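Structural overview for review
The primary structure of each chain is shown beneath.
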Amino acid sequence: DRERVVIDLGVELGRRRPLLGGPGARADGGLVRVDRPVASALDELLSGVPRVDVRRLDATWDARRGESGLEARLDALSAAAVQAARAGRRIVVLSDRALSFDRLPVPSVLAVGAVQAALTRAGLRGRTDVALETADVLDVHALAMAVACGATVVVPWLAVELAAELSGSRGAEDRSAAETVDGLLEAFEAGLRKVLARMGISAIASYVGGALFETIELEANVTERCFPRAPGWAGRTGFAQLARRQLVRRDEAVALTAAARLPDRGLARFRADGERHLYAPRIVAEVQSLASAVDVGNGLDAALLSYRSALRGPAAVVRDSLLVRRARRPVPLDEVEPARAIVGRFVAAAMSLGALSPEAHQAITLGMQRAGGAANTGEGGEDPAWYRTPAGSHGERVDARIKQIASARFGVTAAYLARAEQLEIKIAQGSKPGEGGQLPGRKATAYIAALRRAQPGQSLISPPPHHDIYSIEDLAQLITDLRTINPAARIGVKLVASRGIGTIASGVAKAGADYIHVAGHAGGTGASPLSSIKHVGAPWELGLAEAHQTLLRNDLRDRVVLRTDGGLQTGRDILVAALLGAEEVSLGTALLVAIGCDMARQCHLDTCPTGIATQREDLRAKFAGSPEQVERLVTRLAEDVRRELATIGARTFGSIVGDAARHLRVAADSTLDLAGVVGAGRWAASPQRREDPARARRFVRRASASAVEDRLVVALEAGATAATEAVAISTADRSFGARLAGSIEAGRLRPPIAVSVRGSAGQSFGAFVPAGVLLTLTGQANDHVGKGLSGGTIVVRPERNLATAHPTLAGNTCLYGATGGRLLVVGRAGMRFAVRNSGASAVVEGVGPHGCEYMTGGVVVVLGPVGANFGAGMTGGRAYLLDPRGRHAALLHGPSVTAVRLVDAVRERGDAAERISELRELLVAHAEAGSSVASMLLAASLPLADLWLVEPAGVAAAVEPEGEAARA
């Protein structure tokens, strides 16, 4: 969404009430306005501000005072800032430029947070701005944290000096120091915009001091003093521990000689002397050995024992601080349920075709499903050719049992939905919360683009759903849509582990989901840049425990299944997940490593050396993985789980779900306060419910989406023809057409089928309707008309006695995710018309704001007014606008689309005849549906001077490459 939202990063310093405004830089009566909240030099910035208005505070502390020095300095900073504000100072500058071996810098988030909190408690923050001059802002995350803690403007002076030193060096030979510094500031700004977009914020004023982050492991004293508004997970790390860490780094720095190289801590790539990586080279080798050894027995073989040994090390994740209580009388291993029953609770993580090569995607799918689990398509759709079982496969299913429904709706067709055993709605992603999936343009080959109904070479982003899901009611509607087209499928919702997830999980359960996937911060297929996967999300252990316990307190736990993921590696990990509430677990990175991934961390570059995370044919040829490797790994993990179950005295996986208080205790040296995590009451579920997660569906009675459609489909399946007279419907009839689509995809009905209805249709009228179906509504429809339209035709026309000349007949978000078909609205529609349309054609007589947003294919004709932001993020397809006076220009999203009068296109473009023929065909259909506007245009022989062609920027004056992608 950062491509669409205009994010205002202007900052004003020195007002009595700080106001964040527009671009430019100037000083005016003590007021300083800068074009972004990051600057290269504070003295220059404040040159026009009277000295009496500025108070400079030293943000360093005396290292000679030891561990008490940091907290004492924070007290002094807070008191000095409050005193300055009371004395009328408009700007307080926190600067660590005085740092030395004896004067260590106060971490910027602590300094700003403490001053922000002190000024706020004193009622003075609105009178005084906080400027930060610091050495520790070296990346976007540090900048975003400083601003979120309360800094109005940040000067990262060390980063600026380093950037200036780069001028003239390799890669910057032709750039001056000023240019390299400006490049740094531009990068900071771009990154900060992305962070704001993640949070749905379009003005920096809403972010400064907003504390939109979570704290982990900090003592209450620290959070109360520095981050009082931030949600968090309490721990035992206080000011003394933070000071000790700085003192250790100081001692290391003192010991360095002038010739020594600065240490590489391995924060991005593995380094032998850096921080611990859970997939270090030795562990990668052990996983691959585990997946390759053939001698799978009933117990732990030598490969598994070696693997477990390699994983031993200092605590690195939350579960390392949880100790499993062993039973005094372990259960004999042969009394524990078989490995295949446990694998039935495993799923392969949602890794898309596109992020992964087709060969790797198939290897994981086949291997997991042969072992007895279920694979997930990810958000990239699937190749429909996989729906046809290939010869020699002995009837095995080669497509994934779980189909994911992400916000971009890539490849979501009626056939895709109808084949699923599980349908997973992706609301959020643990490793990139607030951002969603990203596929670099270089990986969007003609084949991948065709499956996703997008354009080759175009970067594809699936942000969190903010187009069709604004509330829990909208989510409930999508669940209803999916359940209507595929009643047998389990419907799940993927959430991100974060503080407050329990409340969200309760709403999701009430919305009718069958399972909730709690995604942890670890993992991901590496398709995203580094700045998208660091410092985001929370550990699954924390989110899972909160979700499980909140559902218990609200008496909702029986009706929903919990699933989790996030770097699960061993049977012990899976055991801990079960004890914290997970009935099912998802494996991702481990499966990639099993088929050959060597953690090169260049997935987003499309240069994967093992042919796994790439679309390049030369690299794909190097892929040597197999389904057997996945099958062996998950079977061995299940055997590992069996051994863990036996040691705690349990015979089945289901019997221990949510029983953390009985089987887990917190390690004495844990830096997190985990008492609440393991302290939940026991889940009093029946043995039948525990052993069969699918029984959760029996605890919820779900009403039909449309009784009218139910009767209609039953009659049609019994051999009746469609009614010749329109059937009356009301807003209680939701998802009308989805059950019809499901019956056609299941083979119970055969098109062509024509159905006429009258009245006011409920939400999602015509959802997922496939080719050969004609739905005609005489009346009006609510939101989401033609959602996921898959080839059918929908007509919405007014009743004859309608008084208004320009009726609004359809609500918001029509044609969301449509992949084909036609929609004719003989009237106007609401906002976000044809958002994420990727193949359908439509004619409408006026739309609200954000029309054709994120369109990747299809054709839209608007015979009336359009709202603001038309065509934002549009990368494919085209739109025709009836606009004789050219008033639409100010309403188009200029960076995304271009517009040309059709009369000019006729003179200049070689495909003009094709475009006119296309437009005429749609107008004829619209006129036949009852449109007087279309009839008048046809009678006037298409006044080309009144019609405009709108296309994605860069596509005009060239034939769009949709045909090549479709043929691929």
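Residue indices follow the written sequence of each chain, beginning from 1 at its first position. Reporting of local features is limited, given that this is a predicted model, to residues whose pLDDT is at least 70; pairs of side-chain atoms are given and counted only at 80 or more, and all residues count toward the totals for whole chains, interfaces and linings. Calculated side-chain values reflect all of the structure's heavy atoms, with hydrogen atoms and water omitted.

**Brief notes about the overall build of the protein**
- Across its full length, the protein carries 30 helices and 32 strands.
- The C-alpha atoms of the protein give a radius of gyration of 30 Å, which matches the 30 Å a tight globule of 968 residues would have.
- The principal-axis extents of the C-alpha atoms in the protein amount to approximately 90 × 80 × 55 Å.
- Accessibility here uses a 1.4 Å probe with only protein chains present; expressed as a share of the type maximum, an area under 20% marks a residue as buried, one over 50% as exposed, and anything in between as partly exposed. Out of the 968 residues belonging to the protein, those deemed buried represent 57%.
- Accessible surface computed for the protein: about 37700 Å², of which carbon and sulfur atoms make up 51%. Numbering of helices and strands runs from the N terminus; a helix is a DSSP stretch of H or I covering at least four residues, while a strand is a stretch of E covering at least two. We compute the radius of gyration over the C-alpha atoms and compare it with the globule rule, which gives 2.2 Å times the number of residues raised to the power 0.38. Per-residue and other accessible areas follow the Shrake-Rupley method at a 1.4 Å probe size, with only the shown protein chains counted as cover for residues.

**A short note on the sheet that holds strand β31 (residues 897–901)**
- Reading across the sheet, the ten strands line up as β23-β24-β25-β26-β27-β28-β29-β30-β32-β31 and stay open at both edges, with mixed pairing between neighbours. Strands at the two margins of the open sheet, each flanked by one partner only, are β23 (727–729) and β31. The mean angle between the axes of side-by-side strands here comes to 20 degrees, regardless of whether they run parallel or antiparallel.
- For strand β29 (residues 856–862) and strand β30 (residues 876–882), the ladder comprises five bridges, and the chain directions are parallel. Following the sheet pairing, Val861 is matched in β30 by Tyr880. Here, a strand pair is defined by DSSP locating no fewer than two bridges between the strands. Geometry is summarised by axes, namely lines fitted to C-alpha atoms with helices restricted to the contacting stretch, and by angles between N-to-C directions that run from 0 to 180 degrees.

**A word on the packing of helix α2 (residues 69–86) against helix α3 (residues 108–121)**
- It is the contact of α2 with α3, at a shortest axis distance of 9 Å, that shows an interaxial angle of 45 degrees. In this view, α2 runs oblique relative to α3, as classed from their interaxial angle. The handedness of the crossing between α2 and α3 comes out as right-handed. Here α2 contributes Leu70, Leu74, Leu77, Ser78, Ala81, Val82 and Ala85 to the contact with α3, which in turn contributes Leu110, Ala111, Ala114, Val115, Ala118 and Leu119. Orientation categories follow fixed angle ranges, with anything under 35 degrees roughly parallel, anything over 145 roughly antiparallel, 65 to 115 roughly perpendicular, and all other angles oblique. Take the far helix as your reference; a near helix turned counterclockwise from it by less than a right angle gives a left-handed crossing, and one turned clockwise gives a right-handed crossing. For this analysis, residues touch if any pair of their heavy atoms sits within 4.5 Å.

**As for the pattern of salt bridges**
- Each reported salt bridge corresponds to a side-chain nitrogen of Lys or Arg within 4 Å of a carboxyl oxygen of Asp or Glu. The tally for this structure, following the rule as stated, stands at 61 salt bridges.
- In this structure, Arg682 engages Asp659 in a salt bridge whose closest nitrogen and oxygen atoms are separated by 3.4 Å. You can see Arg682 sitting in the loop between α23 (675–678) and α24 (687–691) and its partner Asp659 sitting in the loop between α21 (627–647) and α22 (660–663), a full 23 residues away along the chain.

**Digging into helix α26 (residues 738–745)**
- By the criterion of burial, α26 is predominantly enclosed, with six of the eight residues buried.
- Looking at α26, one finds that the buried residues are Ala738, Leu740, Ala741, Gly742, Ser743 and Ile744.

**Side note on the pairing of strand β21 (residues 584–587)**
- Residue alternation in β21 divides its side chains into two sets, Glu584 and Ser586 and Val585 and Leu587, and both sets are buried.
- In this sheet, β21 lies alongside strand β13 (residues 346–348) in parallel orientation, the contact comprising three bridges. Across the sheet, the residue bridging to Ala348 is Leu587, located in β21.
- One ladder, built from two bridges, connects strand β20 (residues 561–565) with β21; its direction is parallel. Looking across to β21, one finds that Arg563 is bridged to Glu584.
- For a crossover, the right-handed case is the one in which the path from the first strand over the helix to the second runs clockwise, viewed with the strands pointing away from the viewer. Regarding the hand of the β-α-β motif, the stretch spanning β20, helix α18 (residues 571–580) and β21 is right-handed.

**A short note on the packing of aromatic side chains**
- Pairing of aromatic side chains here covers Phe, Tyr and the six-membered ring of Trp, requires ring centres within 6.5 Å, and sorts the geometry by plane angle: under 30 degrees stacked, over 60 edge-to-face, intermediate tilted. Counted according to the given criterion, the structure contains two aromatic pairs.
- Plain terms: the ring middles of Phe213 and Phe227 are 5.7 Å apart, the flat faces sit at 85 degrees to each other, and that makes the pair edge-to-face. Here Phe227 lies in the loop between α7 (220–226) and β11 (232–237) and Phe213 lies in the loop between α6 (177–198) and β10 (215–218), a separation of 14 residues in the sequence.
- Using a relative accessible area of 11% as the deciding quantity, one classes Phe213 as buried.
- Overall, Phe227 belongs to the buried group, its relative accessible area being 7%.
- Here Phe736 and Phe765 contribute two aromatic rings whose centre-to-centre distance is 5.8 Å and whose plane-to-plane angle is 15 degrees, an arrangement assigned as stacked. Residue Phe736 is located in the loop between β23 and α26, and its partner Phe765 is located in the loop between β24 (753–761) and β25 (773–781); the two are separated by 29 residues in the primary sequence. Considered together, Phe736 and Phe765 belong to a single accessibility category, that of buried residues.
- Lysine and arginine charges are scored as sitting over a ring when NZ or CZ, respectively, is within 6 Å of the ring centre and within 35 degrees of the ring normal. Positioned above the aromatic ring of Phe410, the side-chain terminus of Arg452 is 5.0 Å from the ring centre.
- A cation over a ring is seen here: Arg563 above Tyr515, with NZ or CZ 4.0 Å from the ring centre.

**Points about the confidence of the model for the protein**
- Residues of the protein with pLDDT of at least 70 account for 93%, and the chain-wide mean is 90.
- This model gives residues 1–6 a pLDDT under 50, and the stretch forms 19 contacts once residues within four places in sequence are excluded.
- pLDDT measures how confident the predictor is about each residue, on a scale from 0 to 100. Here residues 956–968 is a poorly scored stretch, pLDDT under 50, and it has 27 contacts once near neighbours within four places are set aside; other chains count.

**What about the side chain of Ser357?**
- Relative to the helices and strands, Ser357 resides in the loop between β13 and α12 (358–371).
- Setting aside residues up to four positions removed in sequence, Ser357 forms contacts with Gly611, Ile612, Thr614, Gln615 and Arg620.

**Comments concerning helix α28 (residues 912–928)**
- To estimate how far a helix should reach, multiply one less than its number of residues by 1.5 Å. Counted at 1.5 Å a residue, the expected span for α28 with its 17 residues is 24 Å, and the 24 Å between its end C-alpha atoms agrees.
- Taken residue by residue, α28 has Ala912, Arg915, Ile916, Glu918, Leu919, Leu922, Leu923, Ala925, His926 and Ala927 as its buried positions.
- With its phi angle positive at about 115 degrees, Gly930 sits one or two positions after the end of α28.

**Looking at unusual backbone geometry**
- The residue after Pro751, namely Pro752, is reached through a cis peptide bond having omega 10 degrees.
- Phi is positive for Ala211, close to 55 degrees, though the residue is something other than glycine.
- Counting through the fold element by element, Ala211 comes out in the loop between α6 and β10.
- With a relative accessible area of 10%, Ala211 lands in the buried category.
- Even without glycine at this site, His535 takes up a positive phi of about 60 degrees.
- Residue position: His535 is located in the loop between β19 (515–519) and α17 (540–553).
- You can call His535 exposed: its relative accessible area is 54%.

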